[in-house]
Amino acid sequence: MGTLSDRINNMEESATLAMAAKAREFKAKGIDVISLSLGEPDFKTPVHIQEGAKKAIDEGKYFSYPPVPGYLDLREAIVDKFKRENDIVYKPENIVVSNGAKQSIANVMFTLLNPEDEVIVFSPYWVSYSALISLAEGKPVFIEGSIENDFKASAEQLEAAITPRTKAIIYSSPCNPSGSVFSKKELEAIAEVVKRHEDIMIIADEIYEHINYTDTHVSMASLPGMLERTITVNGFAKGFAMTGWRVGYIGAPTWVAKGCTKMQGQVTSANCSIAQRAALTALESDLGPTKEMAKAYAQRRDMVYDMLTGLQGFKANMPQGAFYFFPDISYYFGKSNGDITIENATDFCMYLLEEAHVSLVTGAAFGAPNCIRLSYAASEENLKEAIKRIAAALSKLDQ
Ligand code: GLU
């Protein structure tokens, strides 16, 4: 009998994907589950992007291995995008296109970390950061934001967490799971700390940049002195409703981009050729559909905020970006329906899946065990029905 490696045994399964799989299992049994677990736009990829992929197939030119870091014209278009939208000046050699932003982050961790190197993670954080750091034999060090300060860790906390082993810092803004958005002033304060420690790199995950309800998205690499210290992570999944196409990318100093290319050359060779052509089409067109989607998310956010904060025991911040609510539901810990007792946020999610047929994700997976994550990238009708069902299920718990 073979055995699994310690690496795999010790790795957490992705909680977002695990909950999505559970919701699918329920659906396969004919149960009408409303899935608010996966952060996935409910919109279809815009038609012109689909057409870009079809055209690439018909041209018959894109069936061979692409260059490892991505087609040159796509990397040039990403360079233009960084200049146009983010005020960052990269060259094509600074860009690596990967199989989703998740692979981009994995490449970066394997490229930067030696065993026991520390990565400071702003918590709550996206589920896969800690798993990918550990997989690369690094050590995640968490600095915590709380609901009172909009889940934002501060520059002071960052300074206090730095040790001689700190190799990198990672955050997302707009944040998955909290929806918080760092202001320019807050990012400048963080940049000042980073600049005082010359060997530390900052990984800025900007995958939600287009779903931002504040007026501006600020890129860390655009701040003075930060270009050489920052790895900017982005992708097409969220802003262009292209989750299944799996196209992410980084903009990074050349030495990092080279390391990521070397890593990728051994793991996946390159990203899917046709998906890259679709991504190029997305960048060559205007952002009309992206803006329309963002407008719809903004409306849903307002609607869900009113409904969620109307539920007994829910404490929620108002998200400024992305498409998640991250309420504190610890009020329910210790409550029971006479059969099941809710001990923690994971029990809470399982109870709502079984009783309300609504799937959510436990905050424990994001480093905040008192919270749950709800994705509002769903239709208004489904969101209303989900909250109604949640309210009914919670009313069965002793209050
Ligand atoms: N980023 C999305 C989420 O947080 C997609 C699922 C995943 O890859 O974790 O739900």
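Residues numbered from 1 in each chain as written. Predicted model: local features only at pLDDT ≥ 70, side-chain atom pairs only at ≥ 80, totals over all residues. Heavy atoms only, no water.

### Here we look at helix 6 (residues 128-135)
Stage number 1. Most of helix 6 is tucked away: six of the eight residues are buried.
Stage number 2. Taken as a whole, helix 6 has its buried residues at Ser128, Tyr129, Ser130, Ala131, Leu132 and Ile133.
Stage number 3. Looking at the buried positions of helix 6, the neighbouring elements they touch are helix 5 (100-112), strand 3 (118-123), strand 4 (139-144), strand 5 (166-172) and strand 6 (201-205).
Stage number 4. Looking one or two residues past helix 6, Glu137 carries a phi angle of roughly 70°, positive in sign. (Buried < 20%, exposed > 50% of the residue type's maximum accessible area, 1.4 Å probe, protein only. Helix = DSSP H or I, 4+ residues; strand = E, 2+ residues; numbered from the N terminus. Contact = heavy atoms within 4.5 Å.)

### Comments concerning the site of the ligand
Stage number 1. Close to the ligand lie Thr16, Leu17, Leu38, Gly39, Lys102, Trp126, Asn176, Lys238, Tyr324 and Arg373, which account for all nearby residues.
Stage number 2. Separating an oxygen atom of the ligand from a side-chain N or O atom of Arg373 is a distance of 2.8 Å.
Stage number 3. Within the complex, the protein chains bury 88% of what would otherwise be the 280 Å² of accessible surface of the ligand.
Stage number 4. For the ligand, the cavity whose grid points lie within 2 Å of the majority of its atoms is the second largest pocket.
Stage number 5. Class assignment for the residues of the shell around the ligand results in four nonpolar, three polar and three charged. (Near = heavy atom within 4 Å. Polar contact = N/O pair within 3.5 Å; in protein donor to acceptor, adjacent residues only side chain to side chain. Areas by Shrake-Rupley, 256 points an atom, 1.4 Å probe, with all protein chains shown as cover. 1 Å grid on protein atoms, 1.4 Å probe; cavity = no way out; pocket = protein on both sides within 12 Å on 5 of 7 lines; lining within 4 Å. Sits in = over half its atoms within 2 Å of the grid points. Nonpolar A, V, L, I, M, F, W, Y, C, P; charged D, E, K, R; others polar.)

### A short note on the nonpolar core
Stage number 1. Formed by 84 residues in total, the largest nonpolar core has its most connected members in Met109 and Phe314.
Stage number 2. When residues of this core are assigned to their parent elements, the largest contribution, seven residues, is made by helix 12 (residues 345-356).
Stage number 3. Setting aside residues no more than four positions away along its own chain, Met109 makes contact with Val119, Leu132, Ile133, Ala136, Ile170 and Ile203.
Stage number 4. In this structure, Tyr62, Ile88, Phe236 and Ala275 belong to the second largest nonpolar core, which totals 28 residues. (Core = buried A, V, L, I, M, F, W, Y, C linked by side-chain atoms within 4.5 Å.)

### Thoughts on the packing of helix 4 (residues 72-86) against helix 10 (residues 273-284)
Stage number 1. Remark: helix 4 packs on helix 10, axes separated minimally by 10 Å, with the N-to-C direction vectors making an angle of 30°. Here helix 4 lies roughly parallel to helix 10, going by the angle between them. Seen along the crossing, helix 4 lies across helix 10 with a hand that is left-handed. Taken together, the residues of helix 10 that come into contact with helix 4 (itself represented by Asp73, Leu74, Ala77, Ile78, Lys81 and Arg84) are Gln276, Arg277, Ala279, Leu280 and Leu283.
Stage number 2. Counted by class, the contact of helix 4 with helix 10 contains six nonpolar, one polar and four charged residues. (Axes fitted to C-alpha atoms, helices over the stretch in contact; angles between N-to-C directions. Parallel < 35°, antiparallel > 145°, perpendicular 65-115°, else oblique. Left-handed = near helix turned anticlockwise from the far one by under 90°.)

That is the geometry; function is a separate question.
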